[in-house]
Amino acid sequence: MTEAIPKGSLGSPLLTFPPLEEGVLVKRYKRFLADVELVSGEIVTAHCANTGPMTGVLHPGGRVRLRHAPSPKRKLAWTWEQAEAPSAQGGLCWVGINTALANSLIRAAIEAGHLKQVLGPIAAIRAEVTYGSNRRSRIDLLLTPDANCSDTRPIYLEVKNTTWIEHSLALFPDTVTERGQKHLKELIGVLPESRAVLVPCLSRHDVQAFAPGDSADPRYGELFRLALTAGVEVIPCCFGFHRDKITWEGLRPTKTTQS
């Protein structure tokens, strides 16, 4: 007999979807492509919606999960969604590797009220709004607080999908990211007229804290600490990945350095 999970509690489903297909990763190549052997023995080519090195989660021969969504508008019917990787607690852990999903996850968490304590009640959410120097950047989410909030400044919220870990510490980035450096500068730039929020989307349930990946991009780490000093808020959000759902696993604390 299964027991209903109270809405808003840890482990509660945030997104649900038809069960993903499981298989074994043969290889990832050309950044955007991955060959996977399905349980049936068929080898399919899937879109890899992750352009980074995927440090710690790219394991040829390891189990993966794919979404099958054939369409005349898509070159590939399959999308690589999850990978099984060594867990910080021992054993294995499912990790969400589709970077395009992170914004939807954070938006769903906000709409479910999981971030109300740190953001306050939100009246409206807009996505991909232009801002920054020469208005050449787009913020992932622009939040309008409820009129009754004590702080009614608009909230500029940038999301970063995070899958790399050392022990139980989640780290971003896992490679040099000039784009990520620019985003930190742009967030600093909206202060103090607006709130600036960086949300590491921790796409695995086995992490205990978040820190900047100094060993991969020292400049990002420097800008991260500068942003904290300037008033940028960092809210790491943790999620669990399953074959047919993604669950809310709560907030995690922030450390200022990787060491």
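Residues numbered from 1 in each chain as written. Predicted model: local features only at pLDDT ≥ 70, side-chain atom pairs only at ≥ 80, totals over all residues. Heavy atoms only, no water.

A. Fine view of the packing of aromatic side chains. Counting across every chain of the model gives four aromatic pairs. Aromatic pair Phe 172 and Tyr 220: ring centres 5.6 Å apart, planes at 75 degrees, arrangement edge-to-face. With a gap of 48 residues between them, Phe 172 in strand E12 (residues 169-172) and Tyr 220 in helix H4 (residues 218-230) connect regions that are remote in the sequence. Comparing Phe 172 with Tyr 220 shows no difference in burial state: the two are buried. A centroid spacing of 5.6 Å and a plane angle of 70 degrees characterise the contact between Phe 239 and Trp 248, whose relative ring orientation is edge-to-face. Note on accessibility: Phe 239 and Trp 248 belong to one class, buried. Above the ring of Tyr 29, the side-chain terminus of Lys 27 is found at 4.9 Å from the ring centroid. The lysine or arginine in question, Arg 65, covers the ring of Trp 94, its NZ or CZ lying 3.7 Å from the ring centre. (Phe/Tyr/Trp six-rings, centres within 6.5 Å; stacked < 30°, edge-to-face > 60°. Helix = DSSP H or I, 4+ residues; strand = E, 2+ residues; numbered from the N terminus. Buried < 20%, exposed > 50% of the residue type's maximum accessible area, 1.4 Å probe, protein only. Lys NZ or Arg CZ within 6 Å of the ring centre and 35° of its normal.)

B. Spatial organisation of the sheet that holds E12. Sheet architecture is open: three strands sit in the order E11-E12-E14, paired in mixed fashion. This sheet does not close on itself; its edge strands, each paired only once, are strand E11 (164-166) and strand E14 (209-212). Here the average twist between neighbouring strands, direction ignored, is 40 degrees. Pairing of E11 with E12, which is carried by three bridges, proceeds in the antiparallel orientation. Note that in E12 the partner of Trp 164 across the bridge is Leu 171. Contacting E12 and E14, H4 crosses the sheet at an angle of about 115 degrees to E14. (Pairing = 2+ DSSP bridges. Axes fitted to C-alpha atoms, helices over the stretch in contact; angles between N-to-C directions. Contact = heavy atoms within 4.5 Å.)

C. Local environment of the nonpolar core. Core analysis: the largest hydrophobic core is formed by 25 residues, its most contacted members being Ile 106, Ile 110, Leu 119, Leu 143, Leu 157, Cys 237 and Phe 239. At the level of secondary structure, the elements contributing two or more residues to this core comprise helix H1 (102-111), strand E9 (137-145), strand E10 (155-162), strand E13 (195-202), strand E16 (237-241) and strand E17 (245-251). Leu 119 has contacts with Ile 110, Leu 143, Ile 155, Leu 157, Arg 195, Val 197 and Ile 235, leaving out every residue within four places of it along the chain. Membership of the second largest hydrophobic core comes to 24 residues, among which are Ile 139, Leu 142, Leu 184 and Val 232. (Core = buried A, V, L, I, M, F, W, Y, C linked by side-chain atoms within 4.5 Å.)

D. The confidence of the model for the protein, seen in detail. Residues with a pLDDT of 70 or more make up 97% of the protein, whose mean pLDDT is 94. In this model residues 1-7 is a low-confidence stretch, pLDDT under 50, and it forms five contacts with partners more than four residues away in sequence or in other chains. (pLDDT = per-residue confidence, 0-100.)

E. Seen up close, the side chain of Asn 161. Turning to its location among the elements, Asn 161 is positioned in strand E10. At 2.6 Å, the side chain of Asn 161 and the side chain of Ser 203 are in polar contact. For Asn 161, the residues in contact, after removing those within four places along its chain, are Gly 96, Ile 97, Thr 99, Ala 102, Phe 172, Cys 201 and Ser 203. (Polar contact = N/O pair within 3.5 Å; in protein donor to acceptor, adjacent residues only side chain to side chain.)

F. Quick peek at the pairing of E9. With seven of its nine residues buried, E9 lies for the most part within the structure. Pairing of strand E8 (residues 122-131) with E9 involves eight bridges; the strand directions are antiparallel. For Thr 130, the partnering residue across the bridge sits in E9 and is Arg 138. Hairpin connection, E8 to E9: the antiparallel pair is bridged by five residues, and Gly 132 has positive phi, about 85 degrees.

G. Molecular detail of H1. Of all the positions in H1, only Ala 102, Leu 105, Ile 106, Ala 108, Ala 109 and Ile 110 are classed as buried. Two residues or fewer after H1 comes Gly 113, characterised by a positive phi angle close to 90 degrees.

H. Region of interest: the packing of helix H3 (residues 178-190) against H4. Relative to each other, H3 and H4 sit at 15 degrees, their axes nearing to 10 Å. Between H3 and H4, the interaxial angle falls into the category roughly parallel. Handedness of the crossing formed by H3 with H4: left-handed. When H3 is examined against H4, the residues Gly 180, Gln 181, Leu 184, Lys 185 and Ile 188 are found in contact with a partner set consisting of Arg 219, Tyr 220, Leu 223, Phe 224, Leu 226, Ala 227 and Ala 230. Broken down by class, the residue content of the contact of H3 with H4 amounts to eight nonpolar, two polar and two charged. (Parallel < 35°, antiparallel > 145°, perpendicular 65-115°, else oblique. Left-handed = near helix turned anticlockwise from the far one by under 90°. Nonpolar A, V, L, I, M, F, W, Y, C, P; charged D, E, K, R; others polar.)

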